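For reference, the chains in residue letters:
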Amino acid sequence: MKKIILIMGFFLFLLAQDDKYLTFVNKLVNYNFELRNVEDRTAPFEIKIINKSKGQNIQKLLVKKVKIDLLSIFNNQAYVKVDEYLGDQLIKTQKKWIKVGDKIYNCKLAKITIDKAVFKCGKKALIKSLNKKIPGFKEIK
């Protein structure tokens, strides 16, 4: 009996070496996704600019974005964390104290109150507030 089970196991092992079983397992593991035309796929934050002189050449530029977080306010100064992104990748992070009138890239700190800071970015106003407790909710101790 043991010899028969051993021979059948060896036989199944030889059958498993066939390529069709490996492709079947590969389809199960990868959910049968096949990537085609990988060159046509683009990152979500890229902007395509068509060069009008040559017509068919497409240049891709990544968009630079800045995220500002207000960490603290003390002595009429704001402590901010500035994250700089190129596309979706974080390039640089810096923390610094700024006063009213200081600039961070194209935004200028216009006003500081007890719990918020107002930045003027061109014609728009960006209001950053400190993290504070929500009234009506109790902390669990």
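Scroll up for the structure.
Given the structure is predicted, the values throughout are model-derived calculations rather than measurements.

Novice: Could you clarify how one ought to interpret the sheet that holds strand β5 (residues 89-98) in this entry?
Specialist: Strands in a sheet are paired, the pairing made by backbone hydrogen bonds, and the direction either parallel or antiparallel. What the three strands build is an open sheet, ordered β3-β4-β5; its pairing is antiparallel. Pairing within the sheet leaves two strands with one partner each, and these edge strands are β3 (64-74) and β5. Between one strand axis and the next, the sheet turns by 15 degrees as a mean value, whatever way the strands run. Across ten bridges, the pairing between β3 and strand β4 (residues 77-86) is antiparallel. The residue of β4 that forms the bridge with D69 is K81.

Novice: Help me out: how do you make sense of the environment of K67 in this one?
Specialist: You can see K67 is positioned in strand β3. C-alpha of K67 to C-alpha of E84: the two residues are 17 residues apart in sequence and 6.5 Å apart in space. Beyond its immediate chain neighbours, meaning those up to four positions away, K67 contacts K81, V82, D83 and Y85.

Novice: What exactly am I supposed to notice about the pattern of salt bridges here?
Specialist: Once the charged atoms of two side chains with opposite charge are near each other, the side chains can pair. Evaluation of the coordinates by the stated rule reveals one salt bridge. In this structure, the salt-bridge partner of K64 is E84, at a minimum N-O distance of 3.0 Å. A residue pair is termed long-range when its members are at least 10 positions apart, and K64 in strand β3 and E84 in strand β4 qualify at 20 residues. Under the relative-accessibility criterion, E84 is labelled buried at 8%.

Novice: Would you mind showing me how to read the pairing of β5 here?
Specialist: Both faces of the sheet carry side chains from a regular strand, because those side chains alternate between them. Bridging between β4 and β5 involves nine bridges; their strand directions are antiparallel. Within β5, the position partnered with A78 by the bridge is I98. Hairpin remark: β4 followed by β5, antiparallel, with two residues in the connecting loop; positive phi at G87, about 75 degrees.

Novice: What is the right way to look at the environment of Y85 in this model?
Specialist: Along the chain, Y85 falls in strand β4. You can call Y85 partly exposed: its relative accessible area is 24%. C-alpha of Y85 to C-alpha of V66: the two residues are 19 residues apart in sequence and 6.1 Å apart in space. If near-sequence neighbours (up to four positions away) are discounted, Y85 is found in contact with V63, K64, K65, K67, L90 and I91.

Novice: I keep staring at the side chain of D83 and nothing clicks. Help me out?
Specialist: Here D83 shows up in strand β4. No salt bridge is formed by the buried D83. Its closest oppositely charged neighbour is K81, at 4.2 Å. Each residue touching D83, except ones within four places of it in the same chain, is listed here: K65, V66, K67, D69, L90, K92 and T93.

Novice: Explain the nonpolar core to me, please; I cannot follow it from the model alone.
Specialist: Side chains that are nonpolar tend, in soluble globular proteins, to be buried together. Residues L70, A78, V80, I98, I104, L109 and F119 are the most contacted members of the largest nonpolar core, which totals 13 residues. The set of elements that each furnish at least two residues to this core consists of β3, β4, β7 (107-112) and β8 (116-121). L70 has contacts with A78, Y79, V80, K116, A117, K128, S129 and L130, leaving out every residue within four places of it along the chain.

What counts as what
- For every chain, the first residue of the written sequence is number 1, and numbering continues from 1 along that sequence.
- In keeping with the predicted nature of the model, local features appear solely for residues at pLDDT of at least 70, side-chain atom pairs appear and are counted solely at 80 or more, and the whole-chain, interface and lining totals rest on all residues.
- The basis for every side-chain value is the complete set of heavy atoms in the structure, and neither hydrogens nor water enter the calculation.
- Two strands are counted as paired when DSSP detects at least two bridges linking them.
- Each helix is a run of DSSP H or I of at least 4 residues and each strand a run of E of at least 2, with the numbering of both proceeding from the N terminus.
- In this analysis an axis means a line fitted to C-alpha atoms, helices contributing only their contacting stretch, and an angle means the value between N-to-C directions, from 0 to 180 degrees.
- By definition, residues are in contact when any of their heavy atoms lie within 4.5 Å.
- The term salt bridge refers to a side-chain nitrogen of Lys or Arg lying within 4 Å of a carboxyl oxygen of Asp or Glu.
- Here's how the labels work: a residue is buried when its accessible area is under 20% of the maximum for its type, exposed when over 50%, partly exposed in between, all with a 1.4 Å probe on protein chains only.
- Counted charges follow a simple rule, with Lys and Arg positive, Asp and Glu negative, and His plus the chain ends left uncounted.
- The nonpolar core is taken to be a set of buried Ala, Val, Leu, Ile, Met, Phe, Trp, Tyr and Cys residues, with the residues joined through side-chain atoms within 4.5 Å.

Treat this as a map of the structure, not an account of what it does.
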